[in-house]
Amino acid sequence: MSSTARPPEMTDGFHLIVDALRLNDLSTIYGLVGIPITDVARAAQARGMRFIGFRQEQAAGHAAAAAGFLTRRPGVCLTVSAPGFLNGLVALANATTNCFPMIQISGSSEREIVDLQQGDYEELDQLAAARPFAKAAFRVDRPEDIGAGVARAIRGAVSGRPGGVYLDLPAKVLGATIDAEVGRASLFKAVDPAPSQLATPESIDRALRLLAGAERPLIVLGKGAAYAQADEELRELVESTGIPFLPMSMAKGLLPDDHPQSAAAARSLVLKDADVVILVGARLNWLLAHGRAPRWSAECRFIQVDISPEEIDSNRPIAAPVVADVKAATRQLLAALRPGQITPRRAWLDAIDAKKTENVQRMQARLAADAAPMNFYGALRAIRDVLAEQDGTFVVNEGANTLDFGRDILPMHEPRKRLDCGTWGVMGVGMGYAIAAAVESGRSVVAVEGDSAFGFSGMELETICRYELPIVVVVFNNGGVYKGDEVNRFSSDPAPTALLRTSRYDKLIEAFGGAGYYAADPETVASSLREALASRKPALVDCVIDPTAGTESGHLTDLNPQSPLRPA
Ligand code: ADP
Ligand code: TPW
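Scoring rules and cut-offs
- Residues numbered from 1 in each chain as written.
- Chains lettered and ligands numbered in written order.
- Predicted model: local features only at pLDDT ≥ 70, side-chain atom pairs only at ≥ 80, totals over all residues.
- Heavy atoms only, no water.
- Phe/Tyr/Trp six-rings, centres within 6.5 Å; stacked < 30°, edge-to-face > 60°.
- Lys NZ or Arg CZ within 6 Å of the ring centre and 35° of its normal.
- Helix = DSSP H or I, 4+ residues; strand = E, 2+ residues; numbered from the N terminus.
- Buried < 20%, exposed > 50% of the residue type's maximum accessible area, 1.4 Å probe, protein only.
- Contact = heavy atoms within 4.5 Å.
- Polar contact = N/O pair within 3.5 Å; in protein donor to acceptor, adjacent residues only side chain to side chain.
- Pairing = 2+ DSSP bridges.
- Axes fitted to C-alpha atoms, helices over the stretch in contact; angles between N-to-C directions.

Here we come to the packing of aromatic side chains. In total, this model carries eight aromatic pairs according to the counting rule given. Among the aromatic residues, those joined into a ring-pair cluster are F376, Y377, F405 and F476. Cation over ring: K417 sits above F394, and NZ or CZ is 4.9 Å from the ring centre. Above the ring of Y518, the side-chain terminus of R504 is found at 4.1 Å from the ring centroid.

Here you go:
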């Protein structure tokens, strides 16, 4: 070799992982740095990716999951070994449960020390720990396998039923150097990672035959339908058949809530009386009373459009499964539909309309009654009125009463603009979801939060202020988990559901340079929110709610077993 030959250009695991993500059009990482992944974040920024640094990994993971739901590309969460990994794992499990595509990439300690349990820094068998909570889990043991690891993780996250994938990167692999040319050649872009899945023609025919005989049909839209981004197709299906539709909470806005065919305000009636139901990207789980009587008619027959063949028959026999992507299946249904083939009975539509009118009037009266101190109705009416002046604003919603009233009172007009506690009813998604919505869309976000719910991710206010995101957090401050009026009858400690009644959440955001508002009546809620949204700057409205309003567990009182210790 000549003495003037240049040493080969080198790369390392830090850069290879970033290059592999970029090559696959993943441009944002949500995470929290430390040994051994700090330089992954730096390399990401150096290569033009965004790194959004959080205060706790769970919130970063929830952000990645929401980004996945909104974009159909896996959201990426980066965590440190052992404790950071475990903090993020809650979000990975939640993403899998909600069918959101996400990849948690975690640094890990040395295999040979971990496997012999010799007590390494942050020692944990992370791959084994992640497996039960993830749709798939992989470890990369050589830098030249990073490209394959990323491709497998992406396919795992977005193909079929989306979910959370874990990718383990030991410190040694991140720090390993290899010839840059060899490294480049090892990376590739996954081709068509989420291929559209068509329904069989027989399943489409079977579904249409069942629908054609229906007198009281109903379409239930779930967050799988929202994820599928089949907005135009679904609107055509609803409008061309005249079938009433019921949106699940995160499918609100696929068709606007004020659409004349929305049966949301007659939910109990349509569940009980429908004779043929098309579930579109919605599971018959607890959120739909498992499809069982008495909430549903025992005679009702189901068509289920779902990408996951295993989902079918999980709770109730499905007469017409349509295993396919929602977009493809809806197109196929529309193509096969003959004019006049489906005719919901007039009496059915009239019964729904009558029930809607009755329920809407009852709700209007509650919303109009100006209770003092302010309750959920007054505060949500104010938020509703300000949101009606906005286009494209996201609503994040968590809590118990705050969630249940919020879902009913805040109408949605656009698809995928509502993010909430989802299938698990999990608290702590609020700030992560809000941050992802703002980062991915550049749009404003209003996060409507119970005070307990907010506490799970409240420190991310600093993240919101650091990245100057247009997020307004409205904390429904009633001084309690659920209600805020429980007194401990057994000792001088605060009651189990109690939180400080004197908290001033507006002062929290002021500590980080954001705008704090204090609102004890609906007019001040509205004016604060309006001003905060107009500024497009981080803000928090401390919205003081009557501590006696609402119920323990919100609308889930049936699921909350009771002992004689419960206050009346
Ligand atoms: P909701 O809580 O809104 O009722 P679920 O989360 O229970 O909705 O159901 C979502 C369903 O959507 C899951 O069963 C999932 O397999 C399915 N799904 C997700 N993406 C798609 C898609 N692109 N096409 C068809 N089904 C999908
Ligand atoms: C991770 C249990 C369900 S709802 C809730 C808790 C703690 C908070 C309710 O109080 P909040 O709402 O937010 O003040 P409101 O409107 O009624 O006043 N831990 C996790 N997830 C859940 N679901 C819980 C605990 C729970």
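So that's the structure; there's more coming.
Take the environment of K355 next. Along the polypeptide, K355 turns up in helix α15 (residues 346-368). The exposure class of K355 is partly exposed, given its relative accessible area of 27%. Placed 203 residues apart in sequence, K355 and R152 show a C-alpha to C-alpha distance of 50 Å. Setting aside residues up to four positions removed in sequence, K355 forms contacts with A265, A266 and L269.

Most of helix α1 (residues 13-23) is tucked away: eight of the 11 residues are buried. Where α1 is concerned, the buried positions are G13, F14, L16, I17, V18, D19, A20 and L21. Its side-chain oxygen 3.2 Å from the backbone nitrogen of F14, D12 forms the N-cap of α1. At the exit of α1 stands D25, carrying a positive phi of roughly 65°.

As summarised here, the arrangement of the six strands in space is β3-β2-β4-β5-β7-β6, forming an open sheet in which the pairing is parallel. At either margin of the open sheet sits one strand with a lone partner, and together these are β3 (50-53) and β6 (136-139). Sheet twist, expressed as the average angle between the axes of neighbouring strands with direction ignored, equals 20°. Both β6 and strand β7 (residues 164-170) contribute to a ladder of four bridges, which runs parallel.

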